[in-house]
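Survey of secondary and tertiary structure
So you can see what is in the structure, the chains are spelled out below.
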There are 4 protein chains.
Amino acid sequence: MEKPEPTTDARVPFRAVAGGGDGPSRRRLPPQERSSQILDAALQEFAARGFAATRIDDIARRGGLSKGGVYAHFDSKEAIFQALLERALRWIDWDEMPQPGPSRAGTRALAEWIVDRLHAALLNPAAVVLLRLLVAERERVPRSIDQWRDRVTRMRAQRVAALIRERLGAQVGIDNLLLRHPWLALSPVMHVLLWQALFGPGSVPDSGFRAAHVELLCQLLGEGSAPAPV
Amino acid sequence: MEKPEPTTDARVPFRAVAGGGDGPSRRRLPPQERSSQILDAALQEFAARGFAATRIDDIARRGGLSKGGVYAHFDSKEAIFQALLERALRWIDWDEMPQPGPSRAGTRALAEWIVDRLHAALLNPAAVVLLRLLVAERERVPRSIDQWRDRVTRMRAQRVAALIRERLGAQVGIDNLLLRHPWLALSPVMHVLLWQALFGPGSVPDSGFRAAHVELLCQLLGEGSAPAPV
Amino acid sequence: MEKPEPTTDARVPFRAVAGGGDGPSRRRLPPQERSSQILDAALQEFAARGFAATRIDDIARRGGLSKGGVYAHFDSKEAIFQALLERALRWIDWDEMPQPGPSRAGTRALAEWIVDRLHAALLNPAAVVLLRLLVAERERVPRSIDQWRDRVTRMRAQRVAALIRERLGAQVGIDNLLLRHPWLALSPVMHVLLWQALFGPGSVPDSGFRAAHVELLCQLLGEGSAPAPV
Amino acid sequence: MEKPEPTTDARVPFRAVAGGGDGPSRRRLPPQERSSQILDAALQEFAARGFAATRIDDIARRGGLSKGGVYAHFDSKEAIFQALLERALRWIDWDEMPQPGPSRAGTRALAEWIVDRLHAALLNPAAVVLLRLLVAERERVPRSIDQWRDRVTRMRAQRVAALIRERLGAQVGIDNLLLRHPWLALSPVMHVLLWQALFGPGSVPDSGFRAAHVELLCQLLGEGSAPAPV
DNA sequence: TATGAATGAGGCTTCATTCAT
DNA sequence: AATGAATGAAGCCTCATTCAT
């Protein structure tokens, strides 16, 4: 299977580099697997140094083969980069927000569900790395940039709005702020995403940021009561 | 915007002698002025291509002098980059939020004032470029990264909280969401900042994003009435 | 002379593909062999122009490969230079004066043997080149300078003194000038060595310099009779 | 006066660089003096690093003026170098061996006089530096190389032979080794000169090298008695 | 497919020289 | 004469890519 399970946070493709295992096999592997290994390696290298400063040799060594070997699977550095972004975007899409269960009836329950979905999709190391690469190499990958905008951001914002309308339509007016500007529902996640892109995955502006996000949504959706503790 | 603007776009292709034109003078300039010109040029080049892919020669030409000439002012490409970030951070700090006038009494007036200050400071081309460089070259400039966190982000969040407490203390409870998690007040700006870093300065998730931001603050501060349309 | 000779003078100007000729092969070689070829080339180039004025490109071309290829074998120009000196010093040491045969019994026979050993070791093109490089780049290679002093000069002077003491101990007093100042036995060779370093290998202050040196030793060792003419 | 006194060992042009005085004057000087200052500076810089590695800027600063200023006095780096060598050779020639006094009658007295003259002329820092430059930059200065051979070496050897013939003609046979190969009389000096060129001025192969040299000459000139102590 | 030496274009940096001041 | 910023030609070194093995 090329892709990690879509529902958890463990989608991170960073396999142990010099781990306790045996590392990437040194010898002939099925092409699919080799390519995947190379992309894994490339992700880490590009993430650490950016496109221009990453050497094919670095990728090759981390992928467990030689420079020439990489060229048996990809035509150029550029091609590796593109393939990498495509795969990463596919991973994020994988998480296309499903239907919340019927138990998510109340405002708070729905808000929590939404926040959890957003965090799972966008606040994991792979997403942070992807964002960094997109920001850094914007000119190089207009296609991926567009996909990020449409499928990662806009689609999710619309989905959130649709859910609210669908589940809480009666309670919140049609002119609710979140319905008029759904992107606001994503802002705290984007804020944290940016934070992690700058200061490293794991860093957060505030340890209670998930609860804060939930509370924000609740208040904007008209639920006046104080939140349950995190 | 109260920041100096990069002087010109004129990319003198190669005039043998002194150019009487409008581009940066090809002739001897006071070091201060030359350095500034070089940094202006570097800002644009680095912003367009990133650190590694930018050639000193590009910077030089755009700055109106020759490759070698740059080295009379900076020791290395790295040094240019560092100086650039320092200057850019100084510009943003320049905008340290002042005291709002006494007319900013009501919730909405204060919210508008806050949003305007944040937008002025963070949603201008220079800030967007700075952010892109910081994200792309994180490892290279840990110092600047720290400054960005402390002085651009945290300090502003605290300032917002202090203002709210000071001006609206009676009205909003001490446990108001924005007082407990001031970074939330900045999230929409950060969202737009990230948006612009990815999709280009000028692009916004929603043309009414300023009004939306104001409204968000108002609602969180307990002002129930609907806003005037943008 | 029992030292390896620089392989060839062929300065392949630029054959697009593998050259079947006689120059150093343009194609993949065992690293040992390539390195050796590069050092051969470097020796000639450095000798002709000195360290600073020699271009890596010159060395590469003379070595039959491209500029970049050199860097697969040496880390830097400096490293080539160091390796070169080390190899050259090893060559000179190679010639560590062996035991003269039993036929070298008389004063003159021993003097001739000594002079021949010294000339063979120190008055060959490789030694002259080495000396020039050491003089010119003294600061750059303190290690090699020390080796030259210890192993090329001092050790040989001591060896000469030991031989004299051993073979002619009865005849020459213990206070013989050469036993008190063995370096004097090397002076004529050093003189010629310097001469060649300045005026080119092959040039000598006097065509009968070998005979003169022998005679000098004989006289200092107390052999009164005049030598046979050259 | 441009040249130091010709009879002593104090001909060394190394004036204090950052000495207790005022250093080279920063402002307008008579051209002669300025040129001389520049050559002084150049001598030290070239000696330390060789021709190619010495920057005009180094010379300028040590000479107490700016880069551009140097070009007011010399056309090029090459010209400085040539002028430098010419001046240095003139200094050595200055010492053209004069007539020894009448007190120098005996073999030993004459030998001592000869050795002292040779040492004074050739074993001083300026001569060592000159030699290093000549060895290192042989190709660059064929003219100076020739002068060194003719006027520093050959002429002195002939002068020594002439003196011996003149003063000790009766005592030593016409076929004396030193008369047939006068260069041998200079060998110990050349040896030490080379030693200093390699290991630094001041270093000697043997602290009694002057006495040893005298003794060598005495023995070759047929004086059998042991020398007086140094 | 895999290896890694070899290629060669390209970028950073240095520095002799020029020239406006 | 002097200054020092500016020029521009090199030179060192890197690294994407090729290719013989």
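The coordinates are above.
Residues numbered from 1 in each chain as written. Chains lettered and ligands numbered in written order. Predicted model: local features only at pLDDT ≥ 70, side-chain atom pairs only at ≥ 80, totals over all residues. Heavy atoms only, no water.

**Considerations on the relation of the copies chain C and chain D**
In plain terms, the rule: When the copies are overlaid, the least-squares fit takes in C-alpha atoms only where the residue has pLDDT of at least 70 in both copies. Should any heavy atoms of two residues lie within 4.5 Å, those residues are counted as being in contact.
In the superposition of chain C on chain D (RMSD 0.1 Å, axial shift 0.0 Å), the rotation amounts to 180°. Such values leave the two copies arranged in the relation of a two-fold axis. Proximity to the rotation axis, assessed at the C-alpha, singles out Ala-136 of chain C in chain C; its C-alpha lies 2.3 Å from the axis. By residue overlap, the copies meet face to face through one surface: 95% of the interface positions of chain C are interface positions in chain D.

**Overview of the packing of helix H9 (residues 183-199) of chain B against helix H10 (residues 209-220) of chain B**
Residues and elements named next belong to chain B. Our working rule: Here an axis means a line fitted to C-alpha atoms, over the contact stretch when the element is a helix, while the angle between two N-to-C directions is reported on a 0 to 180 degree scale. Where helices and strands are cited, they refer to DSSP runs of H or I of at least four residues and of E of at least two residues respectively, numbered from the N terminus. By definition in this entry, angles of less than 35 degrees are roughly parallel, angles greater than 145 are roughly antiparallel, angles of 65 to 115 are roughly perpendicular, and the rest are oblique. By convention, the crossing between two helices is left-handed when the near helix turns anticlockwise from the far helix through less than a right angle, and right-handed when the turn is clockwise. Polarity classes work like this: nonpolar for Ala, Val, Leu, Ile, Met, Phe, Trp, Tyr, Cys and Pro, charged for Asp, Glu, Lys and Arg, and polar for all others, with Gly in that last group.
The contact between H9 and H10 brings their axes to 9 Å, and the two run at 160°. In terms of orientation, H9 lies roughly antiparallel with respect to H10. Pair H9 / H10 crosses with right-handed handedness. The segment H9 lies against H10, with Ala-185, Pro-188, Val-189 and Val-192 engaging Phe-209, His-213, Leu-216 and Leu-217. A per-class count over the contact of H9 with H10 returns 7 nonpolar, 1 polar and no charged.

**Side note on the protein's contact with DNA strand F**
Where we set the bar: Think of it this way: one heavy atom of a residue within 4 Å of a molecule or strand is enough to make that residue near it. Counted as a polar contact is a pair of N or O atoms within 3.5 Å, where, for protein atoms, one must be capable of donating a hydrogen and the other of accepting one, and residues adjacent in sequence contribute only when both atoms are in side chains.
Neighbouring residues of DNA strand F: 38 residues in total, closest Arg-34, Ser-66 and His-73 of chain B, Tyr-71 of chain C together with Ser-66 of chain D. The share of sugar and phosphate among atoms of DNA strand F within 4 Å of the protein is 70%. At 3.0 Å from a phosphate oxygen of DNA strand F is found a side-chain nitrogen or oxygen belonging to Lys-77 of chain A. Taking Gly-68 of chain D, its main chain carries an N or O atom lying 3.4 Å from a base nitrogen of DNA strand F. Of all elements in the fold, only helix H3 (67-70) of chain B together with helix H1 (31-49) and helix H3 (67-70) of chain D reach the threshold of two or more residues within the surface near DNA strand F.

**A look at the relation of the copies chain B and chain A**
Taken as rigid bodies, chain B and chain A are interconverted by a rotation of 180° and an axial shift of 0.0 Å, the fit giving an RMSD of 0.2 Å. Of the residues that chain B buries at the interface, 95% are likewise interface residues in chain A, meaning the two copies contact each other through the same surface.

**Focus on the protein's contact with DNA strand E**
The environment of DNA strand E is made up of 37 residues, and the closest members are Ser-66 of chain A, Tyr-71 of chain B together with Arg-34, Ser-66 and His-73 of chain C. Of all atoms in DNA strand E that approach within 4 Å of the protein, 69% are sugar or phosphate atoms. For DNA strand E, a phosphate oxygen lies 2.7 Å from a polar atom in the backbone of Ser-66 of chain A. Take Lys-77 of chain B: an N or O atom from its side chain is 2.9 Å from a phosphate oxygen of DNA strand E. Those elements giving two or more residues to the surface near DNA strand E turn out to be helix H1 (31-49) and helix H3 (67-70) of chain A together with helix H3 (67-70) of chain C. Its residues assigned to classes, the surface near DNA strand E comprises 10 nonpolar, 12 polar and 15 charged.

**Re the interface of chain C and chain D**
Quick note on the threshold: Defined here as a combined quantity, buried area equals the accessible surface (1.4 Å probe) lost by two parts on assembly, summed across both. The term salt bridge refers to a pairing of a side-chain nitrogen on Lys or Arg with a carboxyl oxygen on Asp or Glu at a separation within 4 Å.
Taken together, the contacts link 44 residues of chain C with 42 residues of chain D. Regarding the contact of chain C and chain D, the summed buried area is about 4200 Å², with carbon and sulfur atoms giving 69% of it. When residues of chain C are sorted by the area they lose upon contact with chain D, Trp-183, His-191 and Leu-198 of chain C head the list and together hold 17% of the total. The interface formed by chain C and chain D holds 4 salt bridges in total.

**Describing the state of the cysteines**
Disulfide: a covalent bond formed between the sulfur atoms of two cysteine residues. The criterion, for reference: Only a pair of cysteine sulfur atoms within 2.5 Å qualifies as a disulfide here. Here's how the labels work: a residue is buried when its accessible area is under 20% of the maximum for its type, exposed when over 50%, partly exposed in between, all with a 1.4 Å probe on protein chains only.
Tallied over the full model, the rule gives 0 disulfides over all chains. The cysteine Cys-218 of chain B is free of any disulfide, with Cys-218 of chain A supplying the nearest cysteine sulfur at 20 Å. Residue Cys-218 of chain B is classed as buried on the basis of its relative accessible area of 1%.

**Focus: the interface of chain B and chain A**
Every contact between the two is made by 44 residues of chain B and, on the other side, 42 residues of chain A. Summed over both sides, the interface between chain B and chain A buries roughly 4200 Å², with carbon and sulfur atoms accounting for 69% of that surface. Ranking the residues of chain B by area buried against chain A places Val-135, Trp-183 and Leu-198 of chain B at the top, with a combined share of 17%. Our enumeration of links across chain B and chain A arrives at 13 residue pairs in polar contact (both at pLDDT 80 or more). Going through the elements one at a time, helix H1 (31-49), helix H6 (125-136), helix H7 (142-168), helix H8 (177-180), H9 and H10 of chain B are the ones with two or more residues in the side of chain B that touches chain A. If one sorts the elements of the side of chain B that touches chain A by residue count, H9 of chain B sits on top with 14 residues. In terms of residue class, the side of chain B that touches chain A is made up of 28 nonpolar, 8 polar and 8 charged.

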